[in-house]
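Geometric and topological summary
Single-letter residue listing:
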Amino acid sequence: MTDTGTVTHERRIDRYPLKRRVLEVAEVEHITPRMVRVHLEGPDFEGLRSDNFADHVKLWFPTDDGEHVLPIVEDDRCLNFREPGAIYRDYTIRAIDHEQQRVSIDFVVHDHGPAGRWVADARPGQKLGVLGPRGTVSMTGEYDYHVLVADETALPAAARYIEELPSHAKVLAFFEVVDAAEEQKIRAPEDSQITWFHRGRAEAGSTEFLLEALRDLEFPAGDGFVWAAGEADMLKPIRRLLKERGFVRNRTYAVDGYWRRGTSNLDHHKADDDD
């Protein structure tokens, strides 16, 4: 159970001006057999911000036939979300390098969606529309420990979270992937315990590995923060468990539904409001 009696945390939202960008693939890096990191660069990078691990952009993809609708922005809003042929998906920013003017995005390769199919054949020189980030969410104050729970769709954000912590931070992380080949190397503080679960042939979003890990976890003493993300319905019992353990939404825990089985292009902010 988290101790909230001595430390006050607040959720802070900062908004960025909305800008339309077209960036070019500079490098394609295979992190695991199913995870590909695409590094994007270009003159439109100027002014791109990403201050926190969960910041996300909308990437605009070409169709399988090569047609490519790109975002149109006027007066700080996008005008063509509903234009026929517009294909966009939300992706968190894995890393941003202002000196090199490069932003990096991790993709899960699969054949049941435009993004997964695109990245399977991604190569330098290809272009993507990039919209956002629209803003950033941060928590005030320091925590005594950090607990992260994620499937592979949320792994890029979770890994960035861990890598941006100070070297003295205490981390307990639980990640679900298909198999051992999908485990990634993460630059973690020395006092970190990362546990990997392999679902094998089970359908993504159908297991209870992450829920059981939290149920069995003896939370450290002190003031902690828990971030859980992945399939939206799988997260419902995790949200309830955290409330039962005394964690407070938007102060000592956050749950983020990145996707839902049977739903395409899920708005994960609305999914977080599900009961």
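Details of the structure are given in the entry above.
Throughout what follows, the structure given in this document is the object of discussion. Keep in mind that what you see is a predicted model, and the values were worked out from it rather than measured. (Residues numbered from 1 in each chain as written. Predicted model: local features only at pLDDT ≥ 70, side-chain atom pairs only at ≥ 80, totals over all residues. Heavy atoms only, no water.)

Considering the overall build of the protein chain
Just so we agree on the cut-off: The way it works is that DSSP assigns letters per residue, a run of H or I at least four long becomes a helix, a run of E at least two long becomes a strand, and they are numbered from the N terminus. For the radius of gyration, the atom set is restricted to C-alpha positions; the globular benchmark scales as 2.2 Å times the number of residues to the power 0.38. A simple rule labels every residue: compare its accessible area, found with a 1.4 Å probe on the protein chains alone, to the largest value its type can have, and call it buried under 20%, exposed over 50%, or partly exposed in between. Whether two residues are in contact is decided by their heavy atoms, any of which lying within 4.5 Å being enough. Per-residue and other accessible areas follow the Shrake-Rupley method at a 1.4 Å probe size, with only the shown protein chains counted as cover for residues. Only four residue types enter the tally: Lys and Arg on the positive side, Asp and Glu on the negative side, with His and both chain ends excluded. Charge placement uses NZ in Lys and CZ in Arg. For Asp and Glu, CG and CD serve respectively.
Within the protein chain, the secondary structure is distributed over 5 helices and 16 strands. Scaling as 2.2 N^0.38, a compact globule of 275 residues should have a C-alpha radius of gyration of about 19 Å, and the protein chain matches this with 19 Å. Principal axes of the C-alpha set define a box for the protein chain whose edges measure 55 × 40 × 35 Å. Counting across all 275 residues of the protein chain, residues that qualify as buried make up 49%. The long-range share in the protein chain, meaning contacts at least 24 apart out of those at least 6 apart in sequence, stands at 72%. Summing over all exposed atoms, the protein chain offers an accessible surface of approximately 13,800 Å²; the carbon and sulfur share of this is 45%. Side chains of the protein chain give 36 positive and 51 negative charges; the mean places of these two sets differ by 3 Å.

Observations concerning helix α3 (residues 209-216)
This is how it is decided: Along the arc lie the directions from the helix axis toward the C-beta atoms.
All of the buried residues in α3 are Leu210, Leu211, Ala213 and Leu214. Angular distribution of buried residues about the axis of α3 spans 160°; they occupy a single face of the element. Where α3 is buried, its residues touch β12 (145-151), β13 (170-177), β14 (191-198) and α4 (232-244).

Thoughts on the sheet that holds strand β10 (residues 127-131)
Counted only if it meets this: DSSP calls a pair of strands paired once it identifies at least 2 bridges connecting them. Note on definitions: angles span 0 to 180 degrees between N-to-C directions of axes, and those axes are lines fitted to C-alpha atoms, for helices only across the stretch in contact.
The strand order across the open sheet built from 7 strands is β7-β4-β10-β2-β3-β9-β8, with neighbouring strands paired in antiparallel fashion. At either margin of the open sheet sits one strand with a lone partner, and together these are β7 (88-92) and β8 (95-97). Neighbouring strand axes in the sheet, compared pairwise and without regard to direction, differ in orientation by 35° on average. Two elements, strand β2 (residues 20-30) and β10, share 5 bridges in a ladder whose sense is antiparallel. Across the sheet, the residue bridging to Val22 is Gly129, located in β10.

Describing the environment of Leu241
Assignment of secondary structure puts Leu241 in helix α4. Residue Leu241 is classed as buried on the basis of its relative accessible area of 8%. For the pair formed by Leu241 and Gln100, sequence separation is 141 residues and the distance between their alpha carbons is 43 Å. The residues touching Leu241, leaving out its near neighbours within four places in the chain, are Leu211, Leu214 and Arg215.

Examining unusual backbone geometry
Following Gly132, the chain continues into Pro133 via a peptide bond in cis, with omega recorded as 0°. Residue position: Pro133 is located in the loop between β10 and β11 (135-139). Backbone geometry at Asp75 places phi at a positive 55°, although glycine is not the residue there. Here Asp75 shows up in the loop between β5 (73-74) and β6 (77-78). Overall, the relative accessible area of 74% leaves Asp75 in the exposed class. For Asn250, which is not glycine, the phi torsion reads 65° and is therefore positive. Tracing the backbone shows Asn250 in the loop between α4 and β16 (253-259).

Here we look at the sheet that holds β16
As summarised here, the arrangement of the 5 strands in space is β14-β13-β12-β15-β16, forming an open sheet in which the pairing is parallel. Both outer strands of the open sheet, β14 and β16, are each paired with one neighbouring strand and no more. Strand-to-strand twist of the sheet, defined as the mean angle between neighbouring strand axes without regard to direction, takes the value 10°. As defined by bridge partners, β12 adjoins strand β15 (residues 224-231) across 6 bridges and the pair is classed as parallel. Across the sheet, residue Val147 finds its bridge partner in β15, namely Val226.

Concerning the nonpolar core
The test is simple: The definition of a nonpolar core used throughout is a set of buried Ala, Val, Leu, Ile, Met, Phe, Trp, Tyr and Cys residues joined through side-chain atoms within 4.5 Å.
Core analysis: the biggest nonpolar cluster contains 24 residues, and Leu148, Ile162, Phe175, Ile186 and Trp227 have the highest contact counts within it. For this core, the elements supplying multiple residues, two or more each, are β12, α2 (155-163), β13, β15 and β16. It is α2 that contributes the most residues to this core, 6 residues altogether. In this structure Leu148 touches Ala158, Tyr161, Ile162, Val171, Leu172, Ala173, Phe174, Phe175 and Trp227, once residues within four positions along its chain are discounted.

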